[in-house]
Amino acid sequence: QVQLVEFGGGLAQAGGSLRLSCAASRRTTVTYATGWFRQAPGKEREFVAAITWSGRGTYYADSVKGRFTISRDSAKNTVYLQMNSLKAEDTAVYYCAVSSDSGSYLLRDQNYNYWGQGTQVTVSS
């Protein structure tokens, strides 16, 4: 069992920035990739970004490409999502999750093994 906790959500103005953190409770013998998903009210959960265990591979949804950056600090068991140039449509609950899969499987939420509780991001226009 891996427990994940997200930090850094809150209120930002359009054009502003926030950084989300996803901390894992412990190291594991399984090398997990980490992804960020979000769910806005009345909408389905959608993929935002993912990073491989090594950190050498990253994936982004088209809607956030060029604005969001995912990174990891393996020494701290933490993955970050730097969100710049925020838009009102980025408003959602953001979840981090870990997956033992790789490649394009990381774009689909059903391929993730453990999830955090979510953190609210609200962008005012």
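Placed above this text is the structure.
Conventions we followed
- Residues numbered from 1 in each chain as written.
- Predicted model: local features only at pLDDT ≥ 70, side-chain atom pairs only at ≥ 80, totals over all residues.
- Heavy atoms only, no water.
- Phe/Tyr/Trp six-rings, centres within 6.5 Å; stacked < 30°, edge-to-face > 60°.
- Helix = DSSP H or I, 4+ residues; strand = E, 2+ residues; numbered from the N terminus.
- Buried < 20%, exposed > 50% of the residue type's maximum accessible area, 1.4 Å probe, protein only.
- Pairing = 2+ DSSP bridges.
- Polar contact = N/O pair within 3.5 Å; in protein donor to acceptor, adjacent residues only side chain to side chain.
- Contact = heavy atoms within 4.5 Å.
- Disulfide = S-S within 2.5 Å.

1. Thoughts on the packing of aromatic side chains
Under the counting rule described, the total for this entry stands at six aromatic pairs. When the centroid spacing of 6.2 Å and the interplanar angle of 85 degrees are considered together, the rings of Tyr32 and Tyr114 count as edge-to-face. Here the residue Tyr32 occupies a position in the loop between strand E3 (18-24) and strand E4 (33-39), and Tyr114 occupies one in strand E10 (residues 114-115), the gap between them amounting to 82 residues. Summarising the aromatic geometry, the rings of Phe37 and Trp115 are spaced 5.2 Å apart at their centres and angled 55 degrees between planes, so their arrangement reads as tilted. Of this pair, Phe37 sits in strand E4 while Trp115 sits in strand E10, placing them 78 residues apart in sequence. Taken together, the ring pairs connect Phe37, Phe47, Tyr95, Tyr112 and Trp115 into an aromatic cluster.

2. A look at the pairing of E4
E4 sits mainly inside the fold: six of its seven residues count as buried. Sheet topology note: the E4/strand E9 (residues 92-99) ladder contains seven bridges and is antiparallel. Residue pairing in the sheet places Arg38 in a bridge with Tyr94 of E9. Where E4 meets strand E5 (residues 46-51), five bridges bridge the pair, whose relative direction is antiparallel. By the bridge assignment, Arg38 is partnered in E5 with Glu46. Hairpin geometry of E4 and E5 is characterised by an intervening segment of six residues between the two adjacent antiparallel strands and by a positive phi of about 80 degrees at Gly42.

3. Observations concerning the side chain of Asp90
As for its placement among the helices and strands, Asp90 is situated in the loop between strand E8 (78-83) and E9. There is a polar contact of 2.8 Å between the side chain of Asp90 and the backbone nitrogen of Lys87. Beyond its immediate stretch of four places on either side in the chain, Asp90 contacts Arg38, Arg67, Phe68, Ser85, Val121 and Val123.

4. Quick look at the state of the cysteines
Counted according to the given criterion, the structure contains one disulfide. Between the sulfur atoms of Cys22 and its disulfide mate Cys96 the distance is 2.1 Å. Given an S-S torsion of about 65 degrees, the disulfide between Cys22 and Cys96 has right-handed geometry. Here the residue Cys22 occupies a position in strand E3, and Cys96 occupies one in strand E9, the gap between them amounting to 74 residues. Residue Cys96 is classed as buried on the basis of its relative accessible area, which comes to 0%.

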